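# Structural description and commentary
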Amino acid sequence: MAVPTAPIVAGSMVGAYVVANATEHRQLGGVVMAVGGGVSLPQWVRNSGPIGAAALTAVYVGSMGVSHPVAKKIGAWPAVFAAAGVSALAAWAISDRRR
């Protein structure tokens, strides 16, 4: 049974920020993101092929990276929610809606 990946990537991005902020160890937040990506990647490959999966991985990691400088302008939580939204929308558009 295929599980939608959009909520997984959005939840893991928000969860990564919560863990990193609560523990003051950004690496632990990275672990949460890695788990979310690892759970989503096989389904991305099945639904959209290796190129689509690579694009979604780039969006997932890249949007979190971009959220750091954006957070300086709009705040941490809005930046995290924006990154999570971008990643979830991409996951839905490229992979999940094809299920």
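Residues numbered from 1 in each chain as written. Predicted model: local features only at pLDDT ≥ 70, side-chain atom pairs only at ≥ 80, totals over all residues. Heavy atoms only, no water.

### Thoughts on the overall build of the protein
Put simply, the rule reads: Numbering of helices and strands runs from the N terminus; a helix is a DSSP stretch of H or I covering at least four residues, while a strand is a stretch of E covering at least two. In this setup the radius of gyration rests on C-alpha atoms only. A globule is expected at 2.2 Å times the number of residues raised to 0.38. Each residue is placed in one exposure class: buried if its accessible area under a 1.4 Å probe, protein chains only, is under 20% of its type's maximum, exposed if it is over 50%, and partly exposed if it falls in between. Contact criterion: two residues are considered in contact whenever any of their non-hydrogen atoms come within 4.5 Å of each other. Method for areas: the Shrake-Rupley scheme with a 1.4 Å probe, in which residue coverage is limited to the protein chains shown.
Within the protein one finds 3 helices and 0 strands. Compactness check: the protein gives a C-alpha radius of gyration of 13 Å against a globular reference of 13 Å for 99 residues, within 12% of the reference. Residue burial in the protein is summarised as follows: out of 99 residues, 37% are buried. At a minimum sequence separation of 6, the contacts of the protein that also span at least 24 residues come to 71%. With the model as given, the accessible surface of the protein reaches about 5,600 Å², and the carbon-plus-sulfur share is 72%.

### Side note on unusual backbone geometry
Positioned with a positive phi, E24 is a non-glycine residue whose angle comes to about 60 degrees. Along the chain, E24 falls in the loop between α1 (6-23) and α2 (26-74).

### Examining the packing of aromatic side chains
Heads up, the rule is: Under the pairing criterion, centres of Phe, Tyr and Trp rings, with the six-membered ring standing for Trp, must be within 6.5 Å; the plane angle then separates stacked pairs below 30 degrees from edge-to-face pairs above 60, leaving the rest tilted. A ring is considered to have a charge above it if a Lys NZ or an Arg CZ atom is located within 6 Å of its centre and within 35 degrees of its normal.
Inspection of the entire model under this criterion finds 3 aromatic pairs. Ring geometry for W44 versus Y60: centroids 6.4 Å apart, planes at 75 degrees, classification edge-to-face. Among the aromatic side chains, those forming a connected cluster through ring pairs are Y17, W77 and F81. We note R97 situated over the ring of W92; from NZ or CZ to the ring centre the distance is 5.7 Å.

### Description of the side chain of S63
What counts is decided by this rule: We define a polar contact as two N or O atoms separated by no more than 3.5 Å, with the added condition that, inside protein, one atom must be a possible hydrogen donor and the other a possible acceptor, whereas residues neighbouring each other in sequence contribute only through side-chain atom pairs.
With respect to the secondary-structure elements, S63 resides in helix α2. Polar side-chain contacts of S63 include one of 3.3 Å to the backbone oxygen of Y60. If we ignore the near neighbours within four places in the chain, the residues touching S63 are M13, A58, A83, V86 and S87.

### What to know about a nonpolar patch on the surface
Rules: A patch consists of residues exposed above 30% relative accessible area that lack any salt bridge, with like charges linked at up to 9 Å and nonpolar side chains (Val, Leu, Ile, Met, Phe, Trp, Tyr) linked at up to 5 Å. Any carboxyl oxygen of Asp or Glu that lies within 4 Å of a side-chain nitrogen of Lys or Arg is treated as forming a salt bridge with it.
A cluster of nonpolar side chains, L28, V31, V35 and V39, forms an exposed patch at the surface whose accessible area comes to about 340 Å². As for its position among the elements, L28 is in helix α2.

### Re α1
Short version of the rule: One less than the number of residues in a helix, times 1.5 Å, gives the span that helix is expected to have.
Taking 1.5 Å as the rise per residue, α1 with 18 residues should run 26 Å; its terminal C-alpha atoms sit 26 Å apart, in good agreement. On the buried face of α1, the contacting elements are α2 and α3 (76-94).

### With respect to the environment of G11
Here G11 is to be found in helix α1. The class of G11 is partly exposed, set by a relative accessible area of 40%. Between the alpha carbons of G11 and G85 there is a distance of 9.8 Å; along the sequence they are 74 residues apart.

### Observations regarding the nonpolar core
The test is simple: Here the nonpolar core consists of buried residues drawn from Ala, Val, Leu, Ile, Met, Phe, Trp, Tyr and Cys, with membership extended through side-chain atoms lying within 4.5 Å.
Residues V9, M13, M33, W44, Y60 and A91 are the most contacted members of the largest nonpolar core, which totals 16 residues. The biggest single contributor to this core is α2, with 6 residues. With sequence-adjacent residues up to four places away left out, Y60 is seen in contact with V9, S12, M13, M33, G36, G37, W44 and S87.

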